[in-house]
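# Observations on the model geometry
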Amino acid sequence: MHRLGLISSNVFQIAALIAGLVAALAVLLAGVALLRLWFTGDHGWRNCFGALFWGLLCLVPFAWHAQLAWRYPHVTDVATASTGLLPLTFEPDTARMPNARMLSREDHLRSFPSALTRAYPIAPEELHALVLRLIAQQGWDVRFDQVPSEFSGRINARVTTLIGWREEVVFGISTTPTGSKIDMRSASIGAAHDFGSNGNRIMSFLSSLDNEVTAFIRDNPSLNQPDAADEAESPQVEMGGA
């Protein structure tokens, strides 16, 4: 229901908390009952083990997120450049989102070492097209698309996680003397902890983009070669002899 937008994030968090407490209580009571049956020898082992199994099964998602919270820093916004250069789209949920929790430069490099600015020897328009193709493969919802021309290009896309959290991804593409570069930002809209999803998303996407750019350059070997007409028009320099 949270993923489909049928309930708000606040209601989902309360419902998840109640479900976790009920599951923990079921496990506790099943343990107490099993201990009692051990000493009394009464009937009811099957029911106790059933309650213990279903209670533990319901606690698996909580255990999974607990280990993610222990493994990754408490953060909700990860970016390869200043967030001022990678603004989020202004929507109602963006306006209500809590203050972002970000990492220091040292923590960023330690937790997400490959989430860094990428520079490629291809034109910004070509890089923009490759990024859009990867976004389509991911199934993300593009909310803003500015093709790079005399200004830097920007793409904003929305992502819905498995359990329904909304996160926004921002790409900034600009020209460099040797081609183009791209920065990326991934931010949680309503969650208080991203459990590593934003940083891992950036690393995974940029790794895929590295492969896409490598394949693009391989399939276009004359991409950065000087044009024949330009070579013909270039002045000839004679070397003086003795």
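Structure's up top.
Residues numbered from 1 in each chain as written. Predicted model: local features only at pLDDT ≥ 70, side-chain atom pairs only at ≥ 80, totals over all residues. Heavy atoms only, no water.

### Structural notes on the packing of helix α5 (residues 124-138) against helix α6 (residues 197-219)
Packed helices, taken two at a time, are described by the angle their axes make and the gap between the axes. The test is simple: Note on geometry: axes are C-alpha line fits, over the in-contact stretch for helices, and angles between N-to-C directions span 0 to 180 degrees. Starting at the N terminus, helices and strands are each numbered in turn, a helix being any DSSP run of H or I of at least four residues and a strand any DSSP run of E of at least two. These descriptions rest on fixed angle ranges, namely under 35 degrees for roughly parallel, over 145 for roughly antiparallel, 65 to 115 for roughly perpendicular, and the rest for oblique. Crossing handedness is read from the near helix: turned anticlockwise from the far helix by less than a right angle, it gives a left-handed crossing, and turned clockwise, a right-handed one. Any two residues whose heavy atoms approach within 4.5 Å at even a single point are treated as in contact. Residue type decides the class: Asp, Glu, Lys and Arg count as charged, Ala, Val, Leu, Ile, Met, Phe, Trp, Tyr, Cys and Pro as nonpolar, and the leftover types, Gly among them, as polar.
Viewed as axis vectors pointing N to C, α5 and α6 meet at an angle of 125 degrees, and their least axial separation amounts to 10 Å. Our classification of the angle between α5 and α6 gives oblique. For the crossing formed where α5 meets α6, the hand is right-handed. Seen from α5, the contacting residues are E126, L127, L130, V131, R133, L134 and I135; seen from α6, they are F205, S208, L209, E212, V213 and F216. Considering only residue class, the contact of α5 with α6 consists of 9 nonpolar, 1 polar and 3 charged.

### Section: α6
Residues spaced three or four apart along an α-helix point in a common direction, a consequence of the helix completing one turn every 3.6 residues. Our working rule: Expected span of a helix: the number of residues minus one, times 1.5 Å. Burial here depends on accessible area, computed with a 1.4 Å probe over protein chains only, as a share of the maximum for the residue type. Under 20% is buried, over 50% is exposed, and the range in between is partly exposed.
Between its first and last C-alpha, α6 extends 33 Å over 23 residues, near the 33 Å set by a 1.5 Å rise per residue. Among the residues making up α6, those that are buried are N198, G199, R201, I202, M203, F205, L206, L209, E212 and V213. Turning to α6, the residues buried within the fold contact β1 (77-79), β2 (118-120), α5, β4 (153-160), β5 (166-176) and β6 (179-188).

### A closer look at the side chain of T80
Definition in use: Between N or O atoms, a polar contact is any pair within 3.5 Å; within protein, one atom must be a potential hydrogen donor and the other a potential acceptor, and residues adjacent in sequence are included only when both atoms are from side chains.
Structurally, the position occupied by T80 is in the loop between β1 and α3 (92-96). Polar contacts involving the side chain of T80 include one to the side chain of D183, which spans 2.8 Å. Once residues within four sequence positions are removed from consideration, T80 is found in contact with A115, L116, T117, D183, M184, I202 and L206.

### Considering the state of the cysteines
The following threshold applies: In what follows, a disulfide is any cysteine sulfur pair within 2.5 Å.
Per the stated rule, a full pass over the model turns up 0 disulfides. A disulfide-free cysteine, C48 has its sulfur positioned 17 Å from the sulfur of C58, the nearest such atom. With a relative accessible area of 12%, C48 lands in the buried category. The partly exposed category is assigned to C58, whose relative accessible area is 44%.

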